[in-house]
Amino acid sequence: MVVELEAVEVEIPEGCNIIIGQSHFIKTVEDLYEALATTVPHAKFAIAFCEASGDRLVRFAGNDEELEKRACEIAMKLACGHVFVILLKDAYPINVLEKLKRVDEVCTIYCATANKLQVIVAKTEQGRGLACVIDGEPPVGIENEEKKRERKEFLRKIGYKF
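For the structure given in this document, a descriptive report is provided here. All values derive from a computational prediction rather than experimental measurement. (Residues numbered from 1 in each chain as written. Predicted model: local features only at pLDDT ≥ 70, side-chain atom pairs only at ≥ 80, totals over all residues. Heavy atoms only, no water.)

## Structural notes on the sheet that holds strand S3 (residues 44-50)
Spatially, the five strands line up as an open sheet ordered S4-S3-S5-S2-S6, and their pairing is antiparallel. Each edge of the sheet is formed by a strand with only one pairing partner; in this case those strands are strand S4 (58-62) and strand S6 (108-113). Geometrically, the sheet is characterised by an average inter-axis angle of 15° between neighbouring strands, direction not taken into account. With six bridges joining them, S3 and strand S5 (residues 83-89) adopt antiparallel strand pairing. Of the residues in S5, the one forming a bridge with Phe 49 is Phe 84. (Pairing = 2+ DSSP bridges. Helix = DSSP H or I, 4+ residues; strand = E, 2+ residues; numbered from the N terminus. Axes fitted to C-alpha atoms, helices over the stretch in contact; angles between N-to-C directions.)

In structure tokens:
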């Protein structure tokens, strides 16, 4: 069996975060929608889910038409069975990840980021699967005391610490 790897560049819309994961059932879209809508009601979001059997369509839902379109484009570009893409605006992944992880169909979350993103896709005769993600860029050093202080100040400034 031959396995090819492909690096797929993912363009995240301005002001958004992306969450990519894998699930196992067609009702994923509805359950993820409910999880997002009830966790951060003011957030704009879209979900696209790649069906792996049956009609093999990209199923989608959301509360923002442009984000729905972009999530579907990303899902089609990845074209990996049972993978879902969530675009999130006016909220952060930290606000929703625990709720998403508790959705019965969710098997794993690969990333939650606003960083530059590449998805490594494995291709075989049968199809395509998500192998891993490359989230952002590699570190260039270790924080010093000044950078540690800046990190702590930033977390307090945005309300995550008091």
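## Focus: the pattern of salt bridges
Counted under the stated rule, the structure contains 14 salt bridges. Across the pair Lys 27 and Asp 31 runs a salt bridge, and its minimum N-O distance is 2.4 Å. Under the relative-accessibility criterion, Lys 27 is labelled partly exposed at 35%. You can call Asp 31 buried: its relative accessible area is 17%. (Salt bridge = Lys/Arg side-chain N within 4 Å of Asp/Glu carboxyl O. Buried < 20%, exposed > 50% of the residue type's maximum accessible area, 1.4 Å probe, protein only.)

## Quick notes on helix H3 (residues 93-101)
Taken together, the buried positions of H3 are occupied by Pro 93, Val 96, Leu 97 and Leu 100. Projected down its long axis, H3 carries its buried residues within an arc of 120°, all on one side. The inward-facing, buried residues of H3 contact strand S2 (16-22), helix H1 (28-39), S5 and S6. (Arc of directions from axis to C-beta. Contact = heavy atoms within 4.5 Å.)

## So, the nonpolar core
Grouped together as the largest cluster of nonpolar side chains are 25 residues, with contacts concentrated most on Val 10, Ile 18, Ile 20, Leu 78, Val 85, Leu 117 and Val 119. Elements represented by at least two residues in this core include exactly strand S1 (4-10), S2, S3, helix H2 (65-78), S5 and strand S7 (117-123). When residues of this core are assigned to their parent elements, the largest contribution, six residues, is made by H2. Ile 19, Leu 32, Leu 100 and Val 106 belong to the second-largest nonpolar core, a separate cluster that totals 20 residues. (Core = buried A, V, L, I, M, F, W, Y, C linked by side-chain atoms within 4.5 Å.)

## Here we look at the pairing of S5
Of all seven residues that make up S5, six are buried, and the element is covered over most of its length. In terms of strand pairing, S2 meets S5 through seven bridges, oriented antiparallel. Bridge pairing in S5 links Ile 20 to Val 85.

## A few points about the sheet that holds S1
The three strands lie next to each other as S1-S7-S8, forming an open sheet whose pairing is antiparallel. Strands with a single pairing partner mark the edges of an open sheet, and in this sheet they are S1 and strand S8 (128-135). Pairs of neighbouring strands in the sheet enclose a mean axial angle of 25°, with direction left out of account. Pairing between S1 and S7: seven bridges, direction antiparallel. From the neighbouring strand, Val 10 faces S7, where its bridge partner is Leu 117.

## Some points on the packing of H1 against H3
How two helices pack is summed up by the angle between their axes together with the distance between the axes. The interhelical angle for the contact between H1 and H3, taken along N-to-C directions, is 140°, at an axis separation of 9 Å. As the angle between them shows, H1 and H3 are arranged oblique. Like other packed secondary-structure pairs, H1 and H3 cross with a definite hand, here right-handed. Along the contact surface, H1 presents Leu 32, Ala 35, Leu 36, Thr 38 and Thr 39, while H3 presents Asn 95, Val 96, Lys 99 and Leu 100. Of the residues that constitute the contact of H1 with H3, the class distribution is five nonpolar, three polar and one charged. (Parallel < 35°, antiparallel > 145°, perpendicular 65-115°, else oblique. Left-handed = near helix turned anticlockwise from the far one by under 90°. Nonpolar A, V, L, I, M, F, W, Y, C, P; charged D, E, K, R; others polar.)

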